[in-house]
Amino acid sequence: MRIRIEGLTKEFDGAPVLRGINFDDDVTTLAVIGPSGGGKSTLLRIVGGLIAPTGGTVEVDGEAVAYDERTLPAYRAQLGFVFQSSGLFHHLSALENVALPLRVVHGVPEDEARERAADLLSRFGLAAEEGKRPVQLSGGQQQRVAIARAVAARPKMLLLDEPTSALDPEYTNDVLDLIRDLKDSGTRFIVVTHEMGFARHACDKAAFLHDGTLLEYGASAQLFDRPTTPELQRFLSKLL
Ligand code: ADP
Ligand code: MG
């Protein structure tokens, strides 16, 4: 998916959060890293059409994203979203959580939606869990259901905002392994993450966002091995 961003700014109550982001690349798997408050979630939400920028443009596969409520739902429907907390419907089973948006948002007939949901859950190691409600699942299982829900409609791209940050450490790898498997089967994604091993080894490219500015962008290995800005050097050294 070709993403082209020009002069992107975002202010909240007059305070600048994104200060003129420029970007142009064919995105396969991209990690967005950087200190808290640097604007990572804001950038991801703008790219996903969840909020509008203050200024600048976003173009996806040659088409400008029009930030108006008439066209945004169709734009968003091409993408899959995963957030820190799973956001599952607590009164629905795992299977229904995956099948419902397929039916309601994408118009897939009920039988087919349930079948596709069941296939995905079993591929994600959750076959025994499909009838359980979120409260009966571990945090890691809930997050895997949320990822199943996000990929069920075969989105052009997944947008994941700190998908493992709210998990007990024991479940983090289950979720990261699942995202790796998705990559191996050709799923494209942008992930905001503090898991630096994952960013470096499972993502082709990395972007370092600092105080609303995209300070470094390039091949993950290069960014981690040869950070050029003092900000990224400092950020990485703090993690050791
Ligand atoms: P990150 O994801 O890198 O931690 P965010 O994009 O969440 O950064 O936030 C960047 C800045 O924007 C922070 O100072 C945050 O408080 C502010 N911010 C984010 N969303 C809002 C909002 N809806 N209203 C006001 N301020 C916001
Ligand atoms: Mg964030």
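Residues numbered from 1 in each chain as written. Chains lettered and ligands numbered in written order. Predicted model: local features only at pLDDT ≥ 70, side-chain atom pairs only at ≥ 80, totals over all residues.

Q: Describe the overall build of the protein, naming the residues involved and giving the relevant values.
A: Per the secondary structure count, the protein includes nine helices and 10 strands. For the protein, whose C-alpha radius of gyration is 18 Å, the value lies close to the compact-globule estimate of 18 Å for 240 residues. Along the three orthogonal principal directions, the C-alpha set of the protein runs to about 50 × 45 × 35 Å. Here the protein, with 240 residues, has 40% of them falling under the buried criterion. Restricting to contacts in the protein with at least 6 residues of sequence separation, those with at least 24 account for 65%. (Helix = DSSP H or I, 4+ residues; strand = E, 2+ residues; numbered from the N terminus. Rg over C-alpha atoms; globule rule 2.2 N^0.38 Å. Buried ≥ 20, exposed ≤ 12 C-beta atoms within 10 Å, placed from the backbone. Contact = placed C-beta atoms within 7 Å.)

Q: An account of the pairing of strand 2 (residues 15-26) is requested, with residue identities and associated values reported.
A: Here strand 1 (residues 2-12) pairs with strand 2 via nine bridges, running antiparallel. Paired with E11 across the strands is P16, a residue of strand 2. Between strand 1 and the antiparallel strand that follows it, strand 2, lie two residues; D13 among them carries a positive phi value of about 50°. (Pairing = 2+ DSSP bridges.)

Q: Help me get a handle on the sheet that holds strand 4 (residues 55-60), residues and values and all.
A: Read from one edge to the other, the open sheet built from four strands follows the order 2-1-4-5, with strand pairing classed as antiparallel. Only two strands of the sheet have a single neighbouring strand rather than two, namely strand 2 and strand 5 (63-64).

Q: Tell me about helix 3 (residues 94-104), residues and numbers included.
A: The set of residues buried in helix 3 consists of A94, L95, N97, V98, A99 and L102. Each element contacted by the buried residues of helix 3 is listed here: helix 4 (110-123) and helix 5 (139-151).

Q: Let's hear about the nonpolar core: which residues, and what values?
A: Membership of the largest hydrophobic core comes to 62 residues, with the highest contact counts inside it found for V32, V98, A117, L121, A148 and I190. Sort the elements by how many residues they give to this core and helix 5 lands first, with six residues. Setting aside its immediate chain neighbours within four residues, V98 contacts A117, L120, L121, V145, A148, R149 and A152. (Core = buried A, V, L, I, M, F, W, Y, C linked by C-beta atoms within 7 Å.)

Q: I'd love a proper account of the sheet that holds strand 7 (residues 157-161), names of residues and values included.
A: As summarised here, the arrangement of the six strands in space is 6-7-8-3-9-10, forming an open sheet in which the pairing is mixed. Looking at the sheet topology across the chains shown, the edges are occupied by strand 6 (79-82) and strand 10 (213-219). Taken over all neighbouring pairs, the strand axes of this sheet differ in orientation by 15° on average, direction set aside. As paired elements, strand 6 and strand 7 share four bridges and run parallel to each other. (Axes fitted to C-alpha atoms, helices over the stretch in contact; angles between N-to-C directions.)

Q: So what's going on with the site of ligand 1? Residues and values would help.
A: Surrounding ligand 1, one finds F12, V17, G34, S36, G37, G38, G39, K40, S41 and T42. Its residues assigned to classes, the shell around ligand 1 shows two nonpolar, seven polar and one charged. (Near = placed C-beta within 6 Å. Nonpolar A, V, L, I, M, F, W, Y, C, P; charged D, E, K, R; others polar.)

Q: Explain the UniProt feature "domain: ABC transporter" (unreviewed entry) in the protein to me, and be specific about the residues and the numbers.
A: UniProt records the feature "domain: ABC transporter" (unreviewed entry) at residues 3-236, using the numbering of this structure. With 38% helix and 26% strand, residues 3-236 has its two end C-alpha atoms placed 26 Å apart. (UniProt positions renumbered as here; feature names shortened; annotations may be inferred.)

Q: Tell me about the environment of H106, and name the residues and values.
A: Inspection of the secondary structure assignment puts H106 in the loop between helix 3 and helix 4. Note: C-alpha distance between H106 and A74 (32 residues apart in sequence) is 10.0 Å. Apart from the residues lying within four places of it in its own chain, the contact partners of H106 are A77, P101 and A153.

Q: How would you sum up the environment of L50? Please name residues and give values.
A: Among the secondary structure elements, L50 is positioned in the loop between helix 1 (40-47) and strand 4. Overall, the presence of 15 C-beta atoms within 10 Å leaves L50 in the partly exposed class. Residues L50 and L95 lie 45 residues apart in sequence; the distance between their C-alpha atoms is 26 Å.

Q: Tell me about the packing of helix 3 against helix 4, and name the residues and values.
A: Direction vectors running N to C along helix 3 and helix 4 enclose 130°, while the axes themselves pass 8 Å from each other. As far as their axial angle goes, helix 4 and helix 3 are oblique. Judged by the sense of rotation from one axis to the other, the crossing of helix 3 with helix 4 is right-handed. Of the residues in helix 4, those touching helix 3 at A94, L95, V98, A99, L102 and R103 are E110, A113, R114, R116, A117, A118, L120 and L121. Residues belonging to the contact of helix 3 with helix 4 are distributed by class as follows: 10 nonpolar, no polar and four charged. (Parallel < 35°, antiparallel > 145°, perpendicular 65-115°, else oblique. Left-handed = near helix turned anticlockwise from the far one by under 90°.)

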